[in-house]
Amino acid sequence: MRHGGILVEAGLMGITVIGGDMQRKILLGAKMNLEHYKIDYTLLFEDACRLALLDECMDAVVTDPPYGRSAAIKAESLEDMLGKSLKEIYRVLKTGNAPFLFPSAP
């Protein structure tokens, strides 16, 4: 499973999933995997720095930064992108809490 792995895992646990990416090929791969596992999903073509979601509408957010590793960074820098996306995550969360796990450096 290459795209949408977090969404598939959440869906298999019975969680309603919404995913987004700026690359259509990522979204198409996620769509194929979600449909294969018969997961109810919503996929959005969007920027993590400007989420197309209302304020305080999400119970939880799961993500896998750092963004830009496999995609061209469309922000000033990786740090800028992470900062803006964290602000967006805080904005859309009902509780304002977001646990983060960062992978170790290669």
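Remember, predicted model here, so these are calculated numbers, not experimental data.

### Side note on helix α1 (residues 5-12)
For α1, the complete set of buried residues consists of L7, V8, A10 and G11. For α1, the arc enclosing every buried residue in end-on projection is 165°, short of the 170-degree limit, so these residues lie on one face. Buried residues belonging to α1 abut β1 (17-21), α2 (24-36) and β2 (41-45). One or two positions beyond α1, positive phi appears at G14, with a value near 90°.

### Digging into the pairing of β1
In the sheet, β1 pairs with β2 via five bridges, with the strands oriented parallel. Opposite G20, over in β2, you have L44 as the bridge partner. For the crossover that starts at β1, traverses α2 and ends in the parallel β2, the hand is right-handed.

### With respect to unusual backbone geometry
What is expected of a backbone is that most residues other than glycine have negative phi and most peptide bonds are trans. Despite not being glycine, K38 has its phi angle at roughly 55°, a positive value. With respect to the helices, strands and loops of the structure, K38 is situated in the loop between α2 and β2. The backbone of E56 shows a phi angle near 50°, a positive value even though the residue is not glycine.

### Describing the pattern of salt bridges
By the definition in use, this model includes six salt bridges. For D55, the salt bridge goes to R91, with nearest N and O atoms at 2.6 Å. With D55 in the loop between β2 and α3 (78-92) and R91 in helix α3, this pair connects stretches of sequence that are 36 residues apart. Since its relative accessible area comes to 51%, D55 is described here as exposed. Here R91 falls in the partly exposed class, since its relative accessible area comes to 22%. Salt-bridge contacts for D59 lead to K94; the nearest nitrogen and oxygen are separated by 3.1 Å. In this pair, D59 is assigned in the loop between β2 and α3 and K94 in the segment after α3, connecting sequence segments 35 residues apart.

What counts and how
- Residues numbered from 1 in each chain as written.
- Predicted model: local features only at pLDDT ≥ 70, side-chain atom pairs only at ≥ 80, totals over all residues.
- Heavy atoms only, no water.
- Buried < 20%, exposed > 50% of the residue type's maximum accessible area, 1.4 Å probe, protein only.
- Helix = DSSP H or I, 4+ residues; strand = E, 2+ residues; numbered from the N terminus.
- Arc of directions from axis to C-beta.
- Contact = heavy atoms within 4.5 Å.
- Pairing = 2+ DSSP bridges.
- Right-handed = clockwise from strand over helix to strand, strands pointing away.
- Salt bridge = Lys/Arg side-chain N within 4 Å of Asp/Glu carboxyl O.

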